[in-house]
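# Observations on the three-dimensional arrangement
Here are the chains, one letter per residue:
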Amino acid sequence: MEARASIRNVPIAPRKVRLVANLVSSQYVEEALNQLVFTHKAASPVIRKLIQSAVANARHHSQSQGTTIDESNLFVKKIVVNDGVTRRWFRPRARGMANRILRRRCHIMVVLDGGMEDNGN
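Residues numbered from 1 in each chain as written. Predicted model: local features only at pLDDT ≥ 70, side-chain atom pairs only at ≥ 80, totals over all residues. Heavy atoms only, no water.

Counting its secondary structure elements, the chain contains 3 helices and 7 strands. Written out in order from the N terminus, the α and β elements of the chain read β-α-α-α-β-β-β-β-β-β. The C-alpha atoms of the chain give 19 Å as radius of gyration, which overshoots the globular expectation for 121 residues (14 Å, by more than 25%). Summarising its shape, the C-alpha atoms of the chain cover approximately 75 × 25 × 15 Å along the three principal directions. Expressed as a percentage of its 121 residues, the buried residues of the chain come to 32%. For the chain, contacts bridging at least 24 residues in sequence account for 71% of all contacts bridging at least 6. Of the accessible surface of the chain, which amounts to about 8,000 Å², a share of 46% is contributed by carbon and sulfur atoms. Between the mean site of the 20 positive side-chain charges and the mean site of the 9 negative ones, the chain shows a separation of 27 Å. (Helix = DSSP H or I, 4+ residues; strand = E, 2+ residues; numbered from the N terminus. Rg over C-alpha atoms; globule rule 2.2 N^0.38 Å. Buried < 20%, exposed > 50% of the residue type's maximum accessible area, 1.4 Å probe, protein only. Contact = heavy atoms within 4.5 Å. Areas by Shrake-Rupley, 256 points an atom, 1.4 Å probe, with all protein chains shown as cover. Lys, Arg positive; Asp, Glu negative; His and termini not counted. Charge placed at Lys NZ, Arg CZ, Asp CG, Glu CD.)

Time to look at the packing of aromatic side chains. For the structure shown, the criterion picks out 1 aromatic pair. Their ring planes at 75° and their centres at 6.4 Å tell us that tyrosine 28 and phenylalanine 75 sit as a pair that is edge-to-face. Of this pair, tyrosine 28 sits in the loop between helix H1 (14-24) and helix H2 (29-37) while phenylalanine 75 sits in strand S3 (residues 75-83), and the two are 47 residues apart along the sequence. Residue classification places phenylalanine 75 among the partly exposed positions, given a relative accessible area of 29%. Over the aromatic face of tryptophan 89 sits the side chain of arginine 87, whose NZ or CZ is 4.2 Å from the ring centroid. (Phe/Tyr/Trp six-rings, centres within 6.5 Å; stacked < 30°, edge-to-face > 60°. Lys NZ or Arg CZ within 6 Å of the ring centre and 35° of its normal.)

Set out below in structure tokens:
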């Protein structure tokens, strides 16, 4: 069973988020969450909450289908980090020049996968 969670317009550059996302991809959820607790990057709390949201989505979907899910078997199947809206503005500089400033944002999507167990129904 797959479970998804996504967040849009995170005010962190996608290149910085991909460093943390690559760190936890293809790991079990418990290992990934422990790894994110001790990672000192700005994107780690965002990805941690997103993985927890995906686990909650998996739990909800399994209950609505009348089955149980073993959360210890859930693993991070895929994390996708895409570019979001880039805010651009200019700062005045000496001799009539201007520097462009880019404030990048990103969209993050997490896909969890794991086995399902029948409830005996």
